[in-house]
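# Observations on chain architecture
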Amino acid sequence: MGDIEELPVLPAGAYTLRRWETGDLHVVREVSADPLIPLITTVPAVYDDAAGRAFVARQWGRPATGQYPFVIARTADGRAVGNAGLRVISADRASVGYWVAPSARGAGAAGAGLRAITDWGLRELGIARLELYVEPWNTGSLRTAESAGYVREGLLRDWQRVGGELKDMLMYAALRRPR
Ligand SMILES: CC(C)(COP(=O)(O)OP(=O)(O)OC[C@H]1O[C@@H](n2cnc3c(N)ncnc32)[C@H](O)[C@@H]1OP(=O)(O)O)[C@@H](O)C(=O)NCCC(=O)NCCS
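Here we summarise the structure given alongside this text. The structure displayed is predicted, hence computed values, not measured ones.

What counts and what doesn't
Residues numbered from 1 in each chain as written. Predicted model: local features only at pLDDT ≥ 70, side-chain atom pairs only at ≥ 80, totals over all residues. Heavy atoms only, no water. Pairing = 2+ DSSP bridges. Helix = DSSP H or I, 4+ residues; strand = E, 2+ residues; numbered from the N terminus. Axes fitted to C-alpha atoms, helices over the stretch in contact; angles between N-to-C directions. Contact = heavy atoms within 4.5 Å. Salt bridge = Lys/Arg side-chain N within 4 Å of Asp/Glu carboxyl O. Buried < 20%, exposed > 50% of the residue type's maximum accessible area, 1.4 Å probe, protein only.

### Looking at the sheet that holds strand β8 (residues 165-175)
- If you walk across this open sheet you meet the eight strands as β1-β2-β3-β4-β5-β6-β8-β7, and the pairing is mixed. For this open sheet the edge positions go to β1 (10-12) and β7 (151-162), each flanked by a neighbour on one side alone. Between one strand and the next, the sheet's axes are offset by a mean angle of 30°, whatever the strand orientation.
- Of the pairings in the sheet, the one linking β1 to strand β2 (residues 15-18) comprises three bridges and is antiparallel in character. Paired with A12 across the two strands is Y15, which belongs to β2.
- Here helix α4 (residues 109-124) sits on the sheet and contacts β1, β2, β3 (67-74), β4 (80-88), β5 (93-100), β6 (129-134) and β8; the angle it forms with β4, its principal contact strand, is near 30°.
- Running at roughly 15° to β8, helix α5 (residues 139-147) makes contact with β5, β6, β7 and β8 of the sheet.

Next up, the structure:
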């Protein structure tokens, strides 16, 4: 799976998933100011154009390491509103993550992006199990996961550092063979 060099374009209704481009810096700038996104991603917490360009360039190198970061863009005008990414853990398992810029929230972008990347991972890549981790307070993300068919499996205590502190995470999973 590490041999996918060019990300495909994945249609997702009102949204389209595609590779990052330098024209997407506006969304990196916007989410730099988000209280959570720079803590759980490599989005720079302090934005300048050099840091934004470096973020985009890093995304281009990810497929070589089994990570596939897609921009969630509006289909109508191509404008980037967020990110949906898949990281291969093994031949049978991958994790997914997503974020949407504050100005574009509540319009179905995360749900559409997650459904598209989930379908791609399970059907095109043939991965058996996709996982995602959500902090219990994050209702928007819990709903997004459930709306895309992910099933809650349990609470992982002290699972991940966020902003320097260990946090509990709810694990959700979607299976190629649902049961
Ligand atoms: C969580 C996040 C990705 C949601 O993005 P979004 O584009 O606004 O989500 P959508 O519009 O696709 O909504 C998906 C579902 O979640 C619900 N939802 C979204 N935000 C919500 C909120 N703040 N409170 C309650 N429900 C919410 C929607 O109603 C929808 O549910 P439905 O399908 O049952 O109608 C976005 O708020 C975000 O980027 N947050 C910061 C980063 C983050 O938390 N990432 C996930 C880490 S696990």
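Having put the structure on the table, let's press on.
### Looking at the pattern of salt bridges
- Counted according to the given criterion, the structure contains eleven salt bridges.
- Where R152 meets E146, a salt bridge forms, and the shortest distance between an N and an O atom there is 3.9 Å.
- The exposure class of R152 is partly exposed, given its relative accessible area of 45%.
- A relative accessible area of 40% places E146 in the partly exposed class.
- In this structure, K167 and E165 form a salt bridge, with 3.7 Å as the shortest nitrogen-oxygen distance.
- Given a relative accessible area of 24%, K167 falls into the partly exposed group.
- Among the charged side chains, a network of salt bridges with common partners joins R93, R129, E131 and E153.

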